[in-house]
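Per-entry structural report
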Amino acid sequence: MSDYVIEIPSVVGIPVAGTKALFPVRRIYCIGRNYAAHSVEMGHDPDRELPFFFQKNPNNLDSSGEFPYPPHSNDVHHETEMLVALKSGGTNVPVGSALELVYGYGLSLDMTRRDLQGEQKKMGRPWEIGKAFERSAPCGPVHPVSAVGHPNQGRVELRVNDEIRQEGDLNQMIWKVPEMISYLSNYFALAAGDVILSGTPAGVAAVAKGDVMAMSIEGLGRMEVKVV
Ligand code: MN
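What you see is a predicted model; the values in this text were computed from it and never measured.

1. What to know about helix α2 (residues 114–122)
- Those residues of α2 lying buried are R114, L116, Q117 and Q120. Seen end-on, α2 carries its buried residues on one side only, within an arc spanning 160°.
- Contacts made by the buried residues of α2 are with β7 (76–78), β10 (112–113) and α3 (128–131).
- Immediately downstream of α2, the backbone of G124 shows phi near 65°, a positive value.

This is the structure in structure tokens:
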């Protein structure tokens, strides 16, 4: 066994519903523009695009129920997304067997410094500064497939201070969960512990300190996250 020259960084774990156990996270893949109405609101044509992905970091996940408003932005948006947690991986995974890789599903928010992301887009630069900042991925517990199956329809909703901001249905995803897994596995070696944020329905908008974001997906429960 090797010695490490500094203390080993901790493994990020997110809660598993109904147990005290944690799901350990290796990587986070996020799909862009996966609901047509959101793609249109961002100025794109959903019929003409292949899926594309960016990444957040495992330690951007946060199940504390609080989202600290990040520095260097005046336009921080919520994006309401179903989280998909993988228990195994592979490369070139066929669509037909892709769901066998899934451990479970949960709620997540792909919080975005939209102003910084917009500047990066204009300059043709990567999005990390707008997307992968500290605590940028509030999430709820993972619900194992054994408890919830593979949700492919059901209402997705986000209220801010009890006012509806985002609504949609899982069945409106352009690229379905097995297609996303298969597509990603053609470009990356997927592995146990990988997490996919599956895109947001329309209605993304800015939050302010003090706001309470209440997210729900039919069959996967509800979570509240306060902007502090
Ligand atoms: Mn997103």
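2. What about the environment of D211?
- Positionally, D211 belongs in the loop between β16 (205–206) and β17 (212–217).
- Residues D211 and G13, spaced 198 residues apart in sequence, show a C-alpha to C-alpha distance of 26 Å.
- The residues contacting D211, other than those within four sequence positions of it, are V160, N161, V225, K226 and V227.
- Here N161 takes part through its side chain, which lies 2.9 Å from a polar atom of the side chain of D211.
- One polar contact links the side chain of D211 to the main-chain amide nitrogen of A208, over a distance of 2.8 Å.

3. Let's talk about the nonpolar core
- Formed by 36 residues in total, the largest nonpolar core has its most connected members in M82, I181 and M213.
- By size, the runner-up hydrophobic cluster in this structure holds 16 residues, among which are V16, I28, F54 and A137.

4. Considerations on helix α5 (residues 177–187)
- Here α5 lies mainly inside the structure; 8 of its 11 residues are buried.
- Of the positions making up α5, those classed as buried are V177, P178, M180, I181, S182, Y183, L184 and S185.
- Next to the buried residues of α5 lie β3 (28–31), β4 (53–56), β8 (80–86), β9 (102–109) and β15 (195–197).

5. Focus on the coordination of the manganese ion
- Around the manganese ion, the protein contributes the donor atoms E79 (OE), E81 (OE) and D110 (OD), which lie 2.1 to 2.2 Å from the metal centre.
- All donors of the manganese ion belong to a single chain; written as a sequence motif, their spacing is E-x1-E-x28-D. Placement of E81 in strand β8 and of D110 in the loop between β9 and β10 is noted, with a sequence separation of 29 residues between them.

6. Description of the side chain of D62
- With respect to the element layout, D62 can be found in strand β5 (residues 61–62).
- Of note is the side chain of D62, whose polar atom sits 2.3 Å from the side chain of R135.
- Non-local contacts of D62, meaning those with residues more than four positions away in its chain, are made with R135, A137, P138 and C139.

7. Concerning the packing of aromatic side chains
- Inspection of the entire model under this criterion finds 7 aromatic pairs.
- An aromatic cluster of three or more residues is present, and its members are F52, F54 and W127.

8. Examining the sheet that holds strand β12 (residues 143–144)
- The mixed open sheet is built from 6 strands, whose spatial order is β4-β3-β15-β8-β9-β12. Each having just a single partner strand, β4 and β12 make up the two edges of the open sheet.

9. Topic: the sheet that holds β17
- The strand order β6-β18-β17-β13-β14 describes an open sheet built from 5 strands, whose pairing is mixed. Taken across any chain shown, the strands that pair with only one partner, and hence form the sheet edges, are β6 (66–67) and β14 (163–169).
- Here 6 bridges tie strand β13 (residues 155–160) to β14, and the two strands are oriented antiparallel to one another. Its bridge partner lying in β14, R155 is registered against D169.

Quick notes on the rules
- Residues numbered from 1 in each chain as written.
- Predicted model: local features only at pLDDT ≥ 70, side-chain atom pairs only at ≥ 80, totals over all residues.
- Heavy atoms only, no water.
- Buried < 20%, exposed > 50% of the residue type's maximum accessible area, 1.4 Å probe, protein only.
- Helix = DSSP H or I, 4+ residues; strand = E, 2+ residues; numbered from the N terminus.
- Arc of directions from axis to C-beta.
- Contact = heavy atoms within 4.5 Å.
- Polar contact = N/O pair within 3.5 Å; in protein donor to acceptor, adjacent residues only side chain to side chain.
- Core = buried A, V, L, I, M, F, W, Y, C linked by side-chain atoms within 4.5 Å.
- Donors = N, O, S within 2.8 Å, 3.2 Å for Na, K, Ca; no water.
- Phe/Tyr/Trp six-rings, centres within 6.5 Å; stacked < 30°, edge-to-face > 60°.
- Pairing = 2+ DSSP bridges.

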